Amino acid sequence: MEMEKIILTGDRPTGKLHLGHFVGSLRRRVELQNSGQFDKIFVMIADAQALTDNADNPEKVRQNVIEVALDYLAAGIDPEKTTIFIQSQVPELAELAFYYMNLVTVSRVQRNPTVKTEIKMRNFEQSIPVGFFCYPVSQAADITAFRATTVPVGEDQAPMIELTREIVNRFNNIYGETLVEPEILLPDNAACMRLPGTDGKAKMSKSLGNCIYLSDTAKEVAKKVKSMYTDPLHLNIDDPGHLEGNCPFIYLDAFSTDEHFAKYAPQYANLDEMKTHYTRGGLGDGTVKKLLISILEETLAPMRERRAQFENNIPMVYDILRRGSIEAREAAAKTLDEVRSAMRINYFSDTELIKAQSEKYKK
Ligand code: TRP
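Presented here is a report on the structure given in the accompanying data block.

## Topic: the pairing of strand β1 (residues 6-11)
Most of β1 sits out of view: 5 of its 6 residues are buried. Where β1 and strand β2 (residues 40-45) come together, 6 bridges link them in parallel fashion. From the neighbouring strand, aspartate 11 faces β2, where its bridge partner is isoleucine 45. Once the chain exits β1 it traverses helix α1 (residues 19-35) before rejoining the sheet at β2, and the crossover so formed is right-handed.

In structure tokens form, the structure reads like this:
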């Protein structure tokens, strides 16, 4: 039998999803879901992982589980095609993580660049919660429990996938071929990889207050785009403009297609032609921003509509999550059975064990 193609991916429910999430992975997930090329797709709301650095704020995690679920559904994740589930409702994942911890050294996790940055950002210094420190290992459990072959995520998650592959190899080496080695699927261009915030600084991030949320109103989106950082040297329309760090252009890199140009700016065949005009001089930031607003609205308006429909039926959203979690648990339990027998801890399902031990102790 050919190996099944399976996707597992997810997000921590610590805030509403924004455009960075959308171009970084959410948009791709919807495309992959609709491509029909995958046998199974799991999207996980990683509440247990969110708790690793929010132990004292469980209500925040609880509120954001539903926010993220609504963002998923609004973006076009279809529960008929994709299993959406909540991490904590699949306890097999915690069990698997516990076994994987024996296969990873402390120094290996200490070298993880994403964990390093997060420790700095959170000022953990000497008070890193053990659970937080171990989350990359638990992420390997999330991925492998579902036998995922493909993990569509942003670039910051690459060290986690790398660690997962190491754990899979080590496990298979010690206990025999049991686990599947996953591949990462990264966004297609630099703008999508690291969408800057509207202030032009670092990545879009809730703590920096520079986000455009998928759930923002048209008015909020327009206001945020109009206030975007552009080129501080481009004072008059006729001045030559610079593209580097110029937010509206980076967003156009991430969002615009030639069809958008045909529809909203037919004087340019594509983004490159518009960029040339801007660098030459004679194109105002306002015009660029207006185009960006139209393009963003083409994506966001249908999402707003779908979100409103689901907001009108919250019990149904919880039901989608409940059914998804049951299905995910069944899939993970199957892998755990195989893991337990590979690890020789399947005492009660191994019919040979009692017989063999009886022989051994026979007088
Ligand atoms: N670490 C991811 C994030 O920060 C969430 C996550 C948890 C995840 N487990 C995963 C992503 C497994 C992909 C695969 O959003």
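There is more to say, and it comes next.
## Structural notes on the packing of helix α3 (residues 58-75) against helix α15 (residues 285-311)
Helix packing for two helices is described by the angle between their axes and how far apart those axes are. Where α3 contacts α15, the axes come no closer than 8 Å and their chain directions differ by 130 degrees. Taken together, the axes of α3 and α15 lie oblique to each other. Handedness of the crossing formed by α3 with α15: right-handed. Listed contacts from α15 to Glu67, Leu70, Asp71, Leu73, Ala74 and Ala75 of α3 are Met303, Arg306, Arg307, Phe310 and Glu311. Of the residues that constitute the contact of α3 with α15, the class distribution is 6 nonpolar, no polar and 5 charged.

## Some remarks on a negative patch on the surface
On the surface, Asp258, Glu259, Asp272 and Glu273 cluster together into a patch of negative charge. Elements supplying a minimum of two residues to the negative patch: α13 (258-264) and α14 (271-280).

## Regarding the side chain of aspartate 216
Within the secondary structure layout, aspartate 216 lies in the loop between α10 (190-193) and α11 (218-226). A polar contact of 2.9 Å, which involves the side chain of aspartate 216, links it to the backbone nitrogen of tyrosine 213. Setting aside residues up to four positions removed in sequence, aspartate 216 forms contacts with Cys211, Val221, Lys224 and Arg304.

Rules used in this analysis
- Residues numbered from 1 in each chain as written.
- Predicted model: local features only at pLDDT ≥ 70, side-chain atom pairs only at ≥ 80, totals over all residues.
- Heavy atoms only, no water.
- Buried < 20%, exposed > 50% of the residue type's maximum accessible area, 1.4 Å probe, protein only.
- Helix = DSSP H or I, 4+ residues; strand = E, 2+ residues; numbered from the N terminus.
- Pairing = 2+ DSSP bridges.
- Right-handed = clockwise from strand over helix to strand, strands pointing away.
- Axes fitted to C-alpha atoms, helices over the stretch in contact; angles between N-to-C directions.
- Parallel < 35°, antiparallel > 145°, perpendicular 65-115°, else oblique.
- Left-handed = near helix turned anticlockwise from the far one by under 90°.
- Contact = heavy atoms within 4.5 Å.
- Nonpolar A, V, L, I, M, F, W, Y, C, P; charged D, E, K, R; others polar.
- Patch = residues over 30% accessible without salt bridge, like charges linked within 9 Å, V, L, I, M, F, W, Y side chains within 5 Å.
- Areas by Shrake-Rupley, 256 points an atom, 1.4 Å probe, with all protein chains shown as cover.
- Salt bridge = Lys/Arg side-chain N within 4 Å of Asp/Glu carboxyl O.
- Lys, Arg positive; Asp, Glu negative; His and termini not counted.
- Charge placed at Lys NZ, Arg CZ, Asp CG, Glu CD.
- Polar contact = N/O pair within 3.5 Å; in protein donor to acceptor, adjacent residues only side chain to side chain.

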